[in-house]
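Commentary on secondary and tertiary structure
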Amino acid sequence: MTTETQRDAPVTLALVLLLAPPFFCQTLLKSTAVQCLSICLAVACLTFRVARGRCRLSIPKPLIAFIGFFALAVLNKNVDIVAGNGLAWFALFGMSLVAVVLLVSLPHAGWIRTALVLIAVFSAFHALVTIATWMVPDLYDRFIYPQFFSDRLTITGRGYRSGFTAHYSTNGIYLALGALASYALAMEHKKKAPYLTLLVLILFALLLTAKRAHLAFGIASIAVSFVAMRGTGGIGKLAVVGAVGILALFAASFIAPDVLFVFDRFSDAMEDDTMNGRTPFYELCMTMWGDDLLLGNGWGSYTQAFNASLLSWSFLARGFETMNAHNVYLQVLAEEGVVGLGLLVAAAVGLFAASMKLAKDREAFRDHASDASIEGALAGSLAIQAFFIMYCLTGNPLYDMQVYIPYLVACSMSLWVYRRRRSEHVGRSQSC
């Protein structure tokens, strides 16, 4: 074992501790206390590595808006803290922000590849379980459900579509993230076959879940990232890949007709004027926003308002005590007002724009001798950021650790490149 590998062992352990909770929070790591402990240990490992390497802590400017948003959520009429509920989000999200600062401060980029591999491997596990439960229909109901989810009153989307999760939406999240990580690893390596094979495997499992948003946003995110990395010249390649993919899907449908069910759901969505029954959720957000346009009603107030409304009775009867609006932008507007939404958009869009800019001039500062490929780092970061921004339109990624922790780790990848770019600019200016 080399000295460099020994020095990076704490970072690898930290990434495992940081990424395992979001991927197994419903099964192997169900306890909130265990999740908090795991991420605390991850932060401790990263702190040890940064201190041992005498690295200078770095908080890039694009991260400041996210820190400001978190501070506003904590201090502004915070219902969850006052009521003593939902404290886990603040602990987990806050520690994840600390982990971002520490990851960005690391001296070498090797951790980026490790993070992408972990996301891909964890996702591949969920993909294999999904395919296994599809092939053996009773596997979910007779083994997975009794072992891990028997305490739940009801589960929507039981069976193979849920895989190793309580709900097929969660399974769709894991598979979409794994597809994006596999794509990034394929962009980085010259030998692309293993990662492209993994990408196809995960996409097949994602098709089986029949999750519309996750499939559409996942494919769109790959397209956005690919064009950003390859320029407009990459559009032709995307078109060819898309055509081949459609033909492969058509051929696969003769063996596995279930892969086409997702397209039936797309057709159903086009005929649904209620946004899959969520229009009342959005109307409640706008009503709440009217109470305080500037600062909103405070973090956690949406759940309180929802549970006090006529919308809640069927959800409460099924054990859903906490409800989110399935549109992050509208819920933040209701809870944190224009100020909170402005900070969130500035953080997410600012980071994405900075990453896009980095993708254009990456060749100017790539160090082939010591660092992992910057191309893979930016490709993965851009894809996961794009997925988060789009998924905020129909899901709850800001409130679900399954999404926001991988998202923040992806942001760290671009921020690490951003910090390195800034340091090289300073170094060149001082040498002149």
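These notes cover the structure that comes with them. (Residues numbered from 1 in each chain as written. Predicted model: local features only at pLDDT ≥ 70, side-chain atom pairs only at ≥ 80, totals over all residues. Heavy atoms only, no water.)

1. Examining helix 3 (residues 61-75)
Just so we agree on the cut-off: Labels follow the DSSP assignment, with helices taken as runs of H or I lasting at least four residues and strands as runs of E lasting at least two, numbered in each case from the N terminus. Take the residue count of a helix, subtract one, and multiply by 1.5 Å to get its expected span. Relative accessibility thresholds used throughout: buried, under 20% of the residue-type maximum; exposed, over 50%; partly exposed, between the two (1.4 Å probe, protein chains only).
With 15 residues, helix 3 ought to run about 21 Å at 1.5 Å a step, and its terminal C-alpha atoms sit 22 Å apart, in line with that. Along helix 3, the residues that are buried comprise Pro62, Leu63, Ala65, Phe66, Phe69, Phe70, Leu72 and Ala73. Of the residues one or two after helix 3, lysine 77 is the one with positive phi, at around 50°.

2. Here we look at the side chain of glutamine 385
Operational definition: Polar contact criterion, stated in full: a pair of N or O atoms within 3.5 Å, where within protein one must be able to donate a hydrogen and the other to accept it, and residues adjacent in sequence count only if both atoms are side-chain atoms. Contacts: residue pairs with any heavy atoms within 4.5 Å of one another.
Structurally, the position occupied by glutamine 385 is in helix 17 (residues 374-391). Polar side-chain contacts of glutamine 385 include one of 3.2 Å to the backbone nitrogen of phenylalanine 352. Dropping the residues within four chain positions of it, glutamine 385 is found in contact with Ala348, Leu351, Phe352, Ser355, Tyr407, Cys411 and Ser414.

3. Notes on the pattern of salt bridges
Using the following cut-off: By convention in these notes, a salt bridge is any Lys or Arg side-chain nitrogen within 4 Å of a carboxyl oxygen on Asp or Glu.
Summed over all chains, the structure comprises four salt bridges. Linking aspartate 8 and arginine 49 is a salt bridge whose minimum nitrogen-to-oxygen distance equals 3.5 Å. Taken as a pair, aspartate 8 in helix 1 (residues 3-24) and arginine 49 in helix 2 (residues 32-52) lie far apart in primary sequence, 41 residues in all. On the basis of relative accessibility, which here comes to 23%, the residue aspartate 8 falls in the partly exposed class. Judged by relative accessible area, which is 2%, arginine 49 ranks as buried. Two residues, aspartate 292 and lysine 77, come together in a salt bridge whose shortest N-O distance is 2.4 Å. One end of the pair, aspartate 292, is in the loop between helix 13 (279-289) and helix 14 (301-307); the other, lysine 77, is in the loop between helix 3 and helix 4 (79-83), with 215 residues separating them in the sequence.

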